[in-house]
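Commentary on secondary and tertiary structure
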Amino acid sequence: CYRGAQGERNYGMRSPEDLVAEAKWLQETYEIDFLGFPDDNFAVDVRRIRALVEAFGSLNRLRWGTHTRLDEAADERAELMAKAGCVYIGFGAESASARVLERMNKGGVILRPRGAKSNVLERINGFDFPTTMVKGIRNSREVGIHANCTWIMAYPGEELSDLQTSVAFILWQEGLMTQGLTSGSLAYKQARDAVNRKMFIATAYPGTAMFKDSACRQILTNNFGISFQMNGAPTADDARRDYILEL
């Protein structure tokens, strides 16, 4: 979900026509009724999202899903994607704590929407959530897109209050999804259970911001014998090789 670890802006983008051609082939060949696009940055270009509304109109209301960032669903893109047939978006939320997001190097427009000079947060139930994350979830629900957030815990430097903020966001999302439903009903239970509560344990992959974190480097040295050069890069030895193979 962090483009800086994936070439930043050095990427290609498939045209709407190309996506439609593949979708039609899959429909004709396998009679699919849902198509998943495993692309963490599917909505990075709003111009392509606008073009998908008309382009996907020829797919006989094919339902589809993909992955984006929550800030990309905080504007017109969520509604446009829904009009194009999108019913599912996976969001790499990771944490609802502004402090942890900054440590992950994932702050950016998640915390500071374009034009903002400081973090823009919304206080809900006693916790400060990134406003773009709140908007992204609300927008998705309003247009009928299921928002599935993935979460990470135990990032180096994370404190109990940070983890509590993420848990509070999950509970807020549950409340939003069950709004207007009778408590204890099947619909209520299904809506509540559809909100992801599980959390991944933070794992340091070489090249990521976490792997470069000073606290994380100390753990890697103590537990895996990995040594680091003066410039912060891991020494290319058996310890690093064994660690990578273990991943």
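Residues numbered from 1 in each chain as written. Predicted model: local features only at pLDDT ≥ 70, side-chain atom pairs only at ≥ 80, totals over all residues. Heavy atoms only, no water.

1. Things to note about the packing of helix 6 (residues 131–143) against helix 7 (residues 160–177)
What describes two packed helices is the angle between their axes and the distance between those same axes. At a minimum axis separation of 11 Å, helix 6 and helix 7 run at an interaxial angle of 25°. As far as their axial angle goes, helix 7 and helix 6 are roughly parallel. Judged by the twist between their axes, the crossing of helix 6 over helix 7 is right-handed. Contact with helix 6, carried on its side by Met133, Val134, Ile137, Arg138 and Arg141, involves Phe169, Trp172, Gln173, Leu176 and Met177 of helix 7 and no other residues of that element. (Axes fitted to C-alpha atoms, helices over the stretch in contact; angles between N-to-C directions. Helix = DSSP H or I, 4+ residues; strand = E, 2+ residues; numbered from the N terminus. Parallel < 35°, antiparallel > 145°, perpendicular 65-115°, else oblique. Left-handed = near helix turned anticlockwise from the far one by under 90°. Contact = heavy atoms within 4.5 Å.)

2. Let's talk about the packing of aromatic side chains
In the structure shown here, the tally under the stated rule is 13 aromatic pairs. On the numbers, 5.3 Å between centres and 45° between planes, the contact of Phe42 with Trp64 is tilted. With Phe42 in the loop between strand 1 (34–36) and helix 2 (46–55) and Trp64 in strand 2 (residues 63–68), this residue pair connects regions lying 22 residues apart in the sequence. Accessibility classification places Phe42 together with Trp64 in one group, the buried group. Ring pairs connect the aromatic residues Phe127, Phe129, Trp151, Phe169 and Trp172, which therefore count as one cluster. Taking NZ or CZ as reference, Arg48 lies 4.6 Å from the ring centre of Phe42, over its face. For the cation-ring pair, Arg217 lies above Phe228, with the distance from its terminal atom to the ring centre recorded as 5.7 Å. (Phe/Tyr/Trp six-rings, centres within 6.5 Å; stacked < 30°, edge-to-face > 60°. Buried < 20%, exposed > 50% of the residue type's maximum accessible area, 1.4 Å probe, protein only. Lys NZ or Arg CZ within 6 Å of the ring centre and 35° of its normal.)

3. Here's the deal with empty space enclosed by the protein
Enumeration over the complete set of coordinates arrives at one cavity of 30 Å³ or more. Estimated volume of the largest cavity: approximately 30 Å³. For the lining of the largest cavity, the secondary-structure elements that each account for two or more residues are helix 6, strand 6 (146–153) and helix 7. Looking at which element gives the most residues to the lining of the largest cavity, the answer is helix 6, with three residues. (1 Å grid on protein atoms, 1.4 Å probe; cavity = no way out; pocket = protein on both sides within 12 Å on 5 of 7 lines; lining within 4 Å. Points joined across faces, edges and corners; volume = space filled by probe spheres on them.)

4. Observations concerning the pattern of salt bridges
If you walk through the whole model with that rule in mind, you get 17 salt bridges. Linking Arg47 and Asp45 is a salt bridge whose minimum nitrogen-to-oxygen distance equals 2.9 Å. Look at Arg47 and you get exposed, because its relative accessible area is 59%. Look at Asp45 and you get buried, because its relative accessible area is 16%. With its nearest N and O atoms 2.5 Å apart, the salt bridge here joins Asp162 to Arg99. Of the two residues, Asp162 sits in helix 7 while Arg99 sits in helix 4 (residues 98–103), which places them 63 residues apart along the sequence. (Salt bridge = Lys/Arg side-chain N within 4 Å of Asp/Glu carboxyl O.)

5. What about the sheet that holds strand 6?
The parallel open sheet is built from five strands, whose spatial order is 1-2-3-6-7. A single partner strand is all that each edge strand has here, and the edge strands are strand 1 and strand 7 (199–201). Geometrically, the sheet is characterised by an average inter-axis angle of 20° between neighbouring strands, direction not taken into account. One ladder, built from five bridges, connects strand 3 (residues 86–94) with strand 6; its direction is parallel. Paired with Phe91 across the strands is Cys149, a residue of strand 6. Contacts from helix 6 reach strand 3 and strand 6 within the one sheet, and its direction differs from that of strand 6 by about 150°. Against the sheet, helix 7 makes contact with strand 6 and strand 7, and its axis sits at roughly 165° relative to strand 6, the strand it touches most. (Pairing = 2+ DSSP bridges.)

6. As for the nonpolar core
If you look at the biggest cluster of nonpolar residues, it comprises 45 residues, and the most contacted ones within it are Phe56, Trp64, Met81, Met133 and Phe169. A per-element tally of this core places helix 7 first, with five residues. For Phe169, the residues in contact, after removing those within four places along its chain, are Ala96, Phe129, Met133, Val134, Ile137 and Trp151. (Core = buried A, V, L, I, M, F, W, Y, C linked by side-chain atoms within 4.5 Å.)

7. Remarks on the environment of Asn231
Looking at the secondary structure, you find Asn231 in the loop between helix 10 (214–224) and helix 11 (238–246). Among the polar contacts listed, one links the side chain of Asn231 to the backbone nitrogen of Ala233, at a separation of 3.0 Å. (Polar contact = N/O pair within 3.5 Å; in protein donor to acceptor, adjacent residues only side chain to side chain.)

Spatial relationships are all this shows, so hold off on functional conclusions.
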